[in-house]
Amino acid sequence: MKHLNEREQIRNAATKWRWQYAGYPKNSEFSKISQKLEKLDVNSATAEDVKNIIGNDSWCSPMGCNECGKSSWECVELGEPADYESRTAHICRDCLVAALALIGVNT
Ligand SMILES: [Zn+2]
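Residues numbered from 1 in each chain as written. Predicted model: local features only at pLDDT ≥ 70, side-chain atom pairs only at ≥ 80, totals over all residues. Heavy atoms only, no water.

S.K.: Break down the coordination of the zinc ion for me, with residues and values.
M.R.: The protein atoms donating to the zinc ion are Cys 65 (SG), Cys 68 (SG), Cys 92 (SG) and Cys 95 (SG), with metal-donor distances spanning 2.3 to 2.4 Å. One can describe the donor arrangement at the zinc ion as tetrahedral, given that its four donor atoms subtend angles of 107 to 115° at the metal. Summarised as a motif, the one-chain spacing of the donors to the zinc ion is C-x2-C-x23-C-x2-C. Here Cys 68, found in the loop between β2 (63–64) and β3 (71–72), pairs with Cys 92, found in strand β5 (residues 88–92); they are 24 residues apart in sequence, far enough to count as distant. By relative accessible area, Cys 68 is classed as partly exposed at 37%. Judged by its relative accessible area of 5%, Cys 92 falls in the buried class. (Donors = N, O, S within 2.8 Å, 3.2 Å for Na, K, Ca; no water. Tetrahedral: all angles 85-135°; square planar, octahedral: opposite > 155°, others 65-115°. Helix = DSSP H or I, 4+ residues; strand = E, 2+ residues; numbered from the N terminus. Buried < 20%, exposed > 50% of the residue type's maximum accessible area, 1.4 Å probe, protein only.)

Structure representation (structure tokens):
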């Protein structure tokens, strides 16, 4: 179970990048991006900073909720770690609250 808010995605961006491109150690562009991500102050950087380094927002952006379909920074990842064909769900705060109400938990 992971919290996928903006700060956590920023904190994990460099690690995820290294893992994703570990098979391309000689690609200078991947290495430059990796170095820039490692230098980010993860306590103050924004999603826009990550986007500017990588060139797109797919590495740090609001997640789509698998229950309601809305994009949100306040999603939790449930189930298997996200990967191709994994059984993973990204659920937004509103849907988590609704799920707790469904089982009788007052929030
Ligand atoms: Zn939702």
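Having seen the structure, we can now continue with the description.
S.K.: Summarise the pairing of strand β4 (residues 75–79); cite the residues concerned and give the values.
M.R.: Bridge count for strand β1 (residues 2–3) against β4 is two bridges, and the pairing is antiparallel. Bridging from a neighbouring strand, Lys 2 pairs with Glu 77 of β4. (Pairing = 2+ DSSP bridges.)

S.K.: Report on the packing of helix α1 (residues 6–20) against helix α2 (residues 28–39), specifying residues and quantitative values.
M.R.: At a minimum axis distance of 8 Å, the contact between α1 and α2 shows a crossing angle of 155°. As judged from the angle between their axes, α1 and α2 are roughly antiparallel. Two packed elements cross with a definite hand, and for α1 against α2 that hand is left-handed. Packed against α1, whose contacting residues are Ala 13, Ala 14, Trp 17 and Arg 18, the element α2 presents Phe 30, Ile 33, Ser 34, Leu 37 and Glu 38 at the interface. Partitioned by chemical class, the residues of the contact of α1 with α2 number six nonpolar, one polar and two charged. (Axes fitted to C-alpha atoms, helices over the stretch in contact; angles between N-to-C directions. Parallel < 35°, antiparallel > 145°, perpendicular 65-115°, else oblique. Left-handed = near helix turned anticlockwise from the far one by under 90°. Contact = heavy atoms within 4.5 Å. Nonpolar A, V, L, I, M, F, W, Y, C, P; charged D, E, K, R; others polar.)

S.K.: So what's going on with the side chain of Asn 5? Residues and values would help.
M.R.: Among the secondary structure elements, Asn 5 is positioned in the loop between β1 and α1. Residue classification places Asn 5 among the buried positions, given a relative accessible area of 15%. What Asn 5 contacts, discounting residues up to four positions off in sequence, is Trp 73, Glu 74 and Cys 75.

S.K.: Go over the domain arrangement of the chain with me, naming the residues and quoting the values.
M.R.: Under the domain assignment used here, the chain contains domain 1 (2–54) and domain 2 (63–102). Taking only C-alpha atoms into account, the centre of domain 1 sits 23 Å from that of domain 2. The partner domain 2 presents seven residues to the seven residues of domain 1 that form the contact. The junction of domain 1 with domain 2 conceals about 730 Å² of combined surface from both sides, 56% of it contributed by carbon and sulfur atoms. In terms of surface lost to domain 2, no three residues of domain 1 exceed Lys 2, His 3 and Leu 4, which account for 62% of the buried area on that side. Counting across the interface, domain 1 meets domain 2 through one salt bridge. Taking the shortest distance from any N to any O, the salt bridge between Glu 77 and Lys 2 comes out at 4.0 Å. (Domains from an automatic or database assignment. Buried area = accessible area lost by both parts, 1.4 Å probe. Salt bridge = Lys/Arg side-chain N within 4 Å of Asp/Glu carboxyl O.)

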